[in-house]
Amino acid sequence: MQLSREALLRAYRQMKIIREFEERLHVEIQTGEIAGFTHLYCGQEAVAVGVCEHLSVEDKIVSTHRGHGHCLAKGCDVNGMMAEIWGSREGLCKGKGGSMHIADVDQGMLGANGIVGAGSPIGVGAALAAKLDGKGSVAITFSGDGACNQGTTFEAMNLAVVTKAPCIFLFENNHYSEHTGFEYAVGTQRDIASRAEAFGMKVWRGDGTDFFSVHDTMREVLDYVRAGNGPAAVEFDTERFFGHFEGDPQRYRGPGELDRIREMRDCLKIFRANVTGAKLLTDADLDAVDKDALEAIENAVVAARAAARPTPADVLADVYIAY
Amino acid sequence: MAQMMYRDAVLSTIAEEMERDPNVVVLGEDVVGGMGTAGGPEAIGGIWSTSTGLFAKFGADRVIDTPISESAIMGAAAGLALAGKRPVAELMFADFIGVSLDQIWNQIAKFRYMFGGKTKCPAVIRMAYGAGYNAAAQHSQSVHQILTGMPGLKVVMPSTPGDVKGLLRQAIRDDDPVIFLEHKALYAMSGEVSDDPNFTIPFGHARLARAGEDVTIVSSGLLLGFCEVVADKLAAEGIGCDVIDLRTTSPLDEETILDSVEVTGRLVVVDEAPPRCGLAVDICALVARQAFASLRAPPQMVTPPHTPIPFARELESAYLPSTDKIEAAVRTALAWR
Ligand SMILES: Cc1ncc(C[n+]2csc(CCOP(=O)(O)OP(=O)(O)O)c2C)c(N)n1
Ligand SMILES: [Mg+2]
């Protein structure tokens, strides 16, 4: 299905915002100003955006430790997220959560998660709630090629099948879980979706570096799940451009691998080539979005730096009892 | 004696015990690191550098890199141990016991007693614990409070490289399951380490890190060093502190604590875990029950508050025990008769 000019520009802007957000964090983290562990989503933007462009606030997503892209794509406020990562009390979680725990339930974003594999069962619960509400909403759980090996993932898939929950198990295969290759850790080599199939789900596969592959695939998946057919699973092949966490020396990669994926498998370049090639948008259109996204991120960083810091008394805020 | 970092004391002890006993097997996530990648095995190794080189030396059957499956890792450790091996299983972060708790709590901890004493379960479960890195609520916790409360487990919390050597060797040779807690902020600490290949430290024997007659300070792990700093500062004012490093929270060296409090009459317990139902309360209760007549002040506890661990720098440092808070607690204890 042909997307409107507005829809194309919007999708590109979302991807570009995520890209600039992550590229900027990569630089800022090196100055030591940002605390904690940060896992960047750079390279995988087409997945988050290709999925979330189909969703309303009523639909829920459950994210991972690599959650910035999912959060931004689902509508979390850029400034609120940046302030959270800076540890400000004006952040989306008042500085209590940081990069790994960004959540905005009002946007249907049920949380990034520091525990690998914890998200899938939570997604099933959210899907069961949607089923009870009967309005055709769904829940989507994002997992990696590492998280797919957790027992929680298997239990969640079976529970979803048994209960016909409108849950979508979305696997982002970026080929690595920390320092380990998926060809070692995933016994069904090169294939996570087939596991979901074995649980009795209909499955789809797509190219996670191509926004249109993701977006078209997800239209089919969502039509199927919203129609009350029960859960489904999708696997997207994708790339992560930075280390597992910031500071990872990445010696597990092959020679030239990073240059090659940046050159050949960059979802933003692929999108640009597609839409300009088909004369849907011009380079000038996209350059204007680039400039706008860069400015939005610059503003978010300036605001995060200036935002109020938490005080020791805030430690005891939001508890039901203090000891 | 050799000079060595805490993390190298962990690694070298495992390597020596693997060399000595072919039944010792290591398993965990990224303990090889780089499996299934272009870089190949040990391209990076584990994130704490506590298993570097083991794979090259002992091979894939004895150094088992696992997928992200904590429940299966702990269950496999249980099975290996029941079948006569000595697994040394690694949890990358102590917080992940949540995923694997059944295998630790209902299985590993219970076999010996529940099977009528007919079996042993010599599993070592190592894990990196503790706060101080702004790693937030799910990557910073101190879990000894939960595990010490479980009958059937021995729980070890070394505070120096030298103690790592003696306690980890004891853990691997021990016929019972041992939880071995390594504080992340201590991995780079240097210290003297025995090079006697049979040096072990028996469990249940605390270490007197500082001696004094006015106040007893009890701690373990990272915070032990904070207590030493406070004791040294107060010593300059003529205030003497016994600083007791528990080394193991189960078994607990009750005698050393009680003997000290009988002299000082004042107790300060410093712990990184939350205050309710934890180690600090446990030791205060021990002293209240068994050294009541010696007490000259109410036992003091320095712990974080009863909240999850917050992310922001300002919040985490307000949350954690500090030398200032420890000093204030000592002075409070001294202000009584
Ligand atoms: C229960 C648990 N085990 C281990 C970890 C440590 N850890 C964090 S991310 C990660 C790798 C996850 O790989 P994958 O699911 O492929 O996601 P990716 O990092 O590639 O986005 C590991 C092992 C964790 N956070 N939680
Ligand atoms: Mg991955």
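Here is what the cut-offs are and how they apply
- Residues numbered from 1 in each chain as written.
- Chains lettered and ligands numbered in written order.
- Predicted model: local features only at pLDDT ≥ 70, side-chain atom pairs only at ≥ 80, totals over all residues.
- Heavy atoms only, no water.
- Contact = heavy atoms within 4.5 Å.
- Buried area = accessible area lost by both parts, 1.4 Å probe.
- Salt bridge = Lys/Arg side-chain N within 4 Å of Asp/Glu carboxyl O.
- Pairing = 2+ DSSP bridges.
- Helix = DSSP H or I, 4+ residues; strand = E, 2+ residues; numbered from the N terminus.
- Axes fitted to C-alpha atoms, helices over the stretch in contact; angles between N-to-C directions.
- Phe/Tyr/Trp six-rings, centres within 6.5 Å; stacked < 30°, edge-to-face > 60°.
- Buried < 20%, exposed > 50% of the residue type's maximum accessible area, 1.4 Å probe, protein only.
- Near = heavy atom within 4 Å.
- Polar contact = N/O pair within 3.5 Å; in protein donor to acceptor, adjacent residues only side chain to side chain.
- Areas by Shrake-Rupley, 256 points an atom, 1.4 Å probe, with all protein chains shown as cover.
- Nonpolar A, V, L, I, M, F, W, Y, C, P; charged D, E, K, R; others polar.
- Donors = N, O, S within 2.8 Å, 3.2 Å for Na, K, Ca; no water.
- Domains from an automatic or database assignment.
- Core = buried A, V, L, I, M, F, W, Y, C linked by side-chain atoms within 4.5 Å.
- Expected span 1.5 Å × (residues − 1).

## Digging into the interface of chain B and chain A
1) Next: Contacts between the two partners involve 42 residues from chain B and, on the opposite side, 48 residues from chain A.
2) Next: Sorting the residues of chain B by area buried against chain A places Ile44, Ile68 and Phe311 of chain B first, and these three jointly supply 19% of that buried surface.
3) Next: At the boundary of chain B and chain A, one finds 1 salt bridge.
4) Next: Between Glu314 of chain B and Arg309 of chain A there is a salt bridge whose closest N-O contact spans 2.6 Å.

## Quick word on the sheet that holds strand β3 (residues 167-173) of chain A
Residues and elements named next belong to chain A.
1) Next: As summarised here, the arrangement of the 5 strands in space is β1-β2-β3-β7-β6, forming an open sheet in which the pairing is parallel. Two strands in the sheet have a free side with no partner beyond their single neighbour: β1 (60-62) and β6 (202-207). Sheet twist, expressed as the average angle between the axes of neighbouring strands with direction ignored, equals 20 degrees.
2) Next: The sheet contact formed by strand β2 (residues 139-144) and β3 spans 6 bridges and is parallel. By the bridge assignment, Phe142 is partnered in β3 with Leu170.
3) Next: The sheet contacts of helix α5 (residues 119-133) involve β1, β2 and β3, and relative to β2 the element is tilted by about 170 degrees.

## Points about the sheet that holds strand β12 (residues 248-250) of chain B
Residues and elements named next belong to chain B.
1) Next: Pairing within the open sheet is mixed, and its 7 strands lie in the order β3-β2-β4-β5-β7-β6-β12. The outermost strands of the open sheet, each flanked by one partner alone, are β3 (63-66) and β12. Neighbouring strand axes in the sheet, compared pairwise and without regard to direction, differ in orientation by 20 degrees on average.
2) Next: As defined by bridge partners, strand β5 (residues 124-129) adjoins strand β7 (residues 178-183) across 6 bridges and the pair is classed as parallel. Residue pairing in the sheet places Tyr129 in a bridge with His183 of β7.
3) Next: Here helix α4 (residues 97-108) sits on the sheet and contacts β4 (86-91), β5 and β7; the angle it forms with β5, its principal contact strand, is near 150 degrees.

## Re the packing of aromatic side chains
Each aromatic ring pair is summarised here by two numbers: the centre-to-centre distance and the angle between the ring planes.
All names here are of chain A.
1) Next: Here the structure, examined in full by the defined rule, presents 13 aromatic pairs over all chains.
2) Next: Considering the side-chain rings of Tyr176 and Tyr252, the 4.9 Å spacing of their centres and the 50 degrees angle between planes classify their relative orientation as tilted. Here Tyr252 lies in the loop between β7 (232-237) and α10 (257-264) and Tyr176 lies in strand β4 (residues 176-177), a separation of 76 residues in the sequence.
3) Next: Given a relative accessible area of 0%, Tyr252 falls into the buried group.

## Points about the site of ligand 1
1) Next: Every one of the 22 residues lining ligand 1 counts as a neighbour, but His65, Arg66, Gly114 and Asn174 of chain A together with Glu70 of chain B are closest to it.
2) Next: Those residues lying near ligand 1 are distributed over chains A and B.
3) Next: At 2.8 Å, a backbone N or O of Gly114 of chain A approaches a nitrogen atom of ligand 1.
4) Next: Taking Val116 of chain A, its main chain carries an N or O atom lying 3.0 Å from a nitrogen atom of ligand 1.
5) Next: Contact with the protein chains removes 96% of the 580 Å² of surface that ligand 1 exposes when unbound.
6) Next: Broken down by class, the residue content of the shell around ligand 1 amounts to 8 nonpolar, 9 polar and 5 charged.

## Details of the coordination of the magnesium ion (ligand 2)
All names here are of chain A.
1) Next: For the magnesium ion (ligand 2), every protein donor is listed as Asp145 (OD), Asn174 (OD1) and Tyr176 (O), and the spread of their distances is 2.1 Å.
2) Next: Linear spacing of the donor residues for the magnesium ion (ligand 2) on their chain is D-x28-N-x1-Y. Taken together, the residues span a long stretch of sequence, with Asp145 in the loop between β2 and α6 (151-163) and Tyr176 in strand β4 at a distance of 31 residues. The burial state of Asp145 is the same as that of Tyr176; both residues are buried.

## A closer look at the packing of helix α11 (residues 267-277) of chain A against helix α12 (residues 283-306) of chain A
All names here are of chain A.
1) Next: Between α11 and α12, the least distance of the axes is 10 Å, while the angle of their chain directions is 145 degrees. In contact with Phe271, Arg272, Val275 and Thr276 of α11, α12 contributes Asp283, Leu286, Asp287 and Asp290.
2) Next: A per-class count over the contact of α11 with α12 returns 3 nonpolar, 1 polar and 4 charged.

## Some thoughts on the domain arrangement of chain B
Residues and elements named next belong to chain B.
1) Next: Splitting chain B by domain gives domain 1 (2-193) and domain 2 (207-335).
2) Next: For domain 1 and domain 2, the distance between their C-alpha centres works out to 27 Å.
3) Next: Taken together, the contact pairs 28 residues of domain 1 with 27 residues of domain 2.
4) Next: Between domain 1 and domain 2 the total buried area reaches about 2,000 Å² when both faces are included, carbon and sulfur atoms providing 53% of it.
5) Next: The partner of Asp163 in a salt bridge is Arg207, with the nearest N and O atoms 3.5 Å apart.
6) Next: On the surface where domain 1 and domain 2 come into contact, there are 17 residue pairs in polar contact (both at pLDDT 80 or more).
7) Next: Only α6 (144-148), β6 (154-156) and α7 (161-173) provide two or more residues apiece to the side of domain 1 that touches domain 2.
8) Next: When its residues are assigned to classes, the side of domain 1 that touches domain 2 shows 14 nonpolar, 12 polar and 2 charged.

## Let's talk about unusual backbone geometry
1) Next: Note the cis peptide between Ser250 of chain B and Pro251 of chain B, where omega equals 0 degrees.
2) Next: One can find Pro251 of chain B in the loop between β12 and α9 (254-264).
3) Next: Within the chain, Lys164 of chain A stands out as a residue other than glycine whose phi angle is a positive 50 degrees.
4) Next: Position of Lys164 of chain A among the secondary structure elements: in the loop between α6 and β3.
5) Next: Since its relative accessible area comes to 48%, Lys164 of chain A is described here as partly exposed.
6) Next: One non-glycine residue, Asn134 of chain B, lies in positive phi territory at about 55 degrees.
7) Next: Secondary-structure assignment places Asn134 of chain B in the loop between β5 and α6.

## Topic: the nonpolar core
Nonpolar side chains in soluble globular proteins tend to be buried together.
1) Next: Counting 66 residues, the largest nonpolar core has Ile14, Leu54, Val63, Met127, Leu147, Leu153 and Ile179 of chain B as its most contacted members.
2) Next: Top contributing element to this core by residue count: helix α1 (residues 6-20) of chain B, with 7 residues.
3) Next: Setting aside its immediate chain neighbours within four residues, Leu147 of chain B contacts Ile104, Met127, Leu153, Val155 and Ile179 of chain B.
4) Next: In this structure, Tyr12, Leu72, Leu170 and Ala232 of chain A belong to the second largest nonpolar core, which totals 64 residues.

## Thoughts on α7 of chain B
1) Next: Its 13 residues place the ends of α7 of chain B 18 Å apart at the C-alpha level, agreeing with the 18 Å of an ideal helix rising 1.5 Å per residue.
2) Next: Most of α7 of chain B is tucked away, with 12 of its 13 residues classed as buried.

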